[in-house]
Amino acid sequence: MSDVLPDPAATPPQTARVVNLPNALTVLRLAVVPLFAWLLLADGGMDEQRRWWATLFFALAIITDRYDGMIARRTNQVTEFGKLADPIADKALTGSALIGLSALDLLPWWVTLAILARELGVTLLRFWVIRHGVIAASRGGKAKTVVQALAIGLYLAPLTGLLASVRWWVMGAALVLTVVTGVDYVVRALRLRRTSARSMRAAAARRAAGREAGTVERRTDTAA
């Protein structure tokens, strides 16, 4: 199966209502972000009870992210609002968690910046190729999302002992997957720009225009 989805310009207009369960879950996830950030940063991150609540809210938000898209696809409730709001909610949740952890000196800033740079770069690439098609999530990308969420969850929880040591290794694995899948996305985006139906039509039009120009030039030379 191809990892490139059809050109969005060829997709029929949406018929699903904007007010539906998947979109409600997305909006709820976005609304939780300020409360989550407050729980995480309260008392400089020293309030263990609030840290556990922040971890719980993060876990629930991640679960809604897993199911809102699945419900939308299975019940034919995919909307333009959902396509736009879902990644925004994801980035807001993950970004606030990473920035909050670094602000509390629980996670090095370079890790946070590396992950956020990758996510921003992939988002910009999506806009860059949107007229050519949509690149489907790869297995590596899905694995990155799962491992990254697990790593963040382990850092959010006020853990001690072995689990506190294990979380760095999990975050290390998430960081490796983040970089590798980011490079893979760049490669697939460049390939899509070269091989999409839109690019092939444009290339054919340029060749046809070149041949026509050559014909006109030969005729002019002959007439002269």
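A. Region of the structure containing helix H1 (residues 21-41). If you check H1, its first and last C-alpha atoms are 30 Å apart, about what 21 residues at 1.5 Å a residue would give, namely 30 Å. On the buried face of H1, the contacting elements are helix H2 (48-74), helix H3 (80-103) and helix H5 (139-156).

B. Expanded view of a positive patch on the surface. On the surface, a cluster of positive charge is made up of Arg66, Arg73, Arg74, Arg139 and Lys142. Per-element tally for the positive patch: the top contributor is H2, with 3 residues. By the secondary structure assignment, Arg74 is in helix H2.

C. Quick peek at H5. With 18 residues, H5 extends 26 Å between its outermost C-alpha atoms, agreeing within 8% with the 26 Å of an ideal straight helix rising 1.5 Å per residue. All buried positions along H5 are accounted for by Gly141, Lys144, Gln148, Ala149, Ala151, Ile152, Gly153, Leu154, Tyr155 and Leu156. Those residues of H5 that are buried are in contact with H1, H2, H3, helix H4 (109-129) and helix H6 (162-195).

D. The arrangement of the pattern of salt bridges in detail. Counted according to the given criterion, the structure contains 7 salt bridges. Put simply, Asp47 and Arg50 hold a salt bridge, and the shortest N to O gap is 3.5 Å. Given the relative accessible area of 28%, Arg50 is considered partly exposed. We note a salt bridge from Lys144 to Glu119, for which the minimum N-O separation is 3.0 Å. Of this pair, Lys144 sits in helix H5 while Glu119 sits in helix H4, and the two are 25 residues apart along the sequence. In terms of burial, Lys144 and Glu119 fall into one category: buried.

E. Looking closely at unusual backbone geometry. Located in the positive-phi region is Asp43, a residue other than glycine, with phi close to 55 degrees. Among the secondary structure elements, Asp43 is positioned in the loop between H1 and H2. Judged by relative accessible area, Asp43 falls into the exposed class, the value being 54%.

F. Fine view of the environment of Asp86. For Asp86, the position within the fold is in helix H3. Sequence separation between Asp86 and Val27 is 59 residues, and the spatial gap between their C-alpha atoms is 8.3 Å.

About the criteria used
Residues numbered from 1 in each chain as written. Predicted model: local features only at pLDDT ≥ 70, side-chain atom pairs only at ≥ 80, totals over all residues. Heavy atoms only, no water. Helix = DSSP H or I, 4+ residues; strand = E, 2+ residues; numbered from the N terminus. Expected span 1.5 Å × (residues − 1). Contact = heavy atoms within 4.5 Å. Patch = residues over 30% accessible without salt bridge, like charges linked within 9 Å, V, L, I, M, F, W, Y side chains within 5 Å. Areas by Shrake-Rupley, 256 points an atom, 1.4 Å probe, with all protein chains shown as cover. Salt bridge = Lys/Arg side-chain N within 4 Å of Asp/Glu carboxyl O. Lys, Arg positive; Asp, Glu negative; His and termini not counted. Charge placed at Lys NZ, Arg CZ, Asp CG, Glu CD. Buried < 20%, exposed > 50% of the residue type's maximum accessible area, 1.4 Å probe, protein only.

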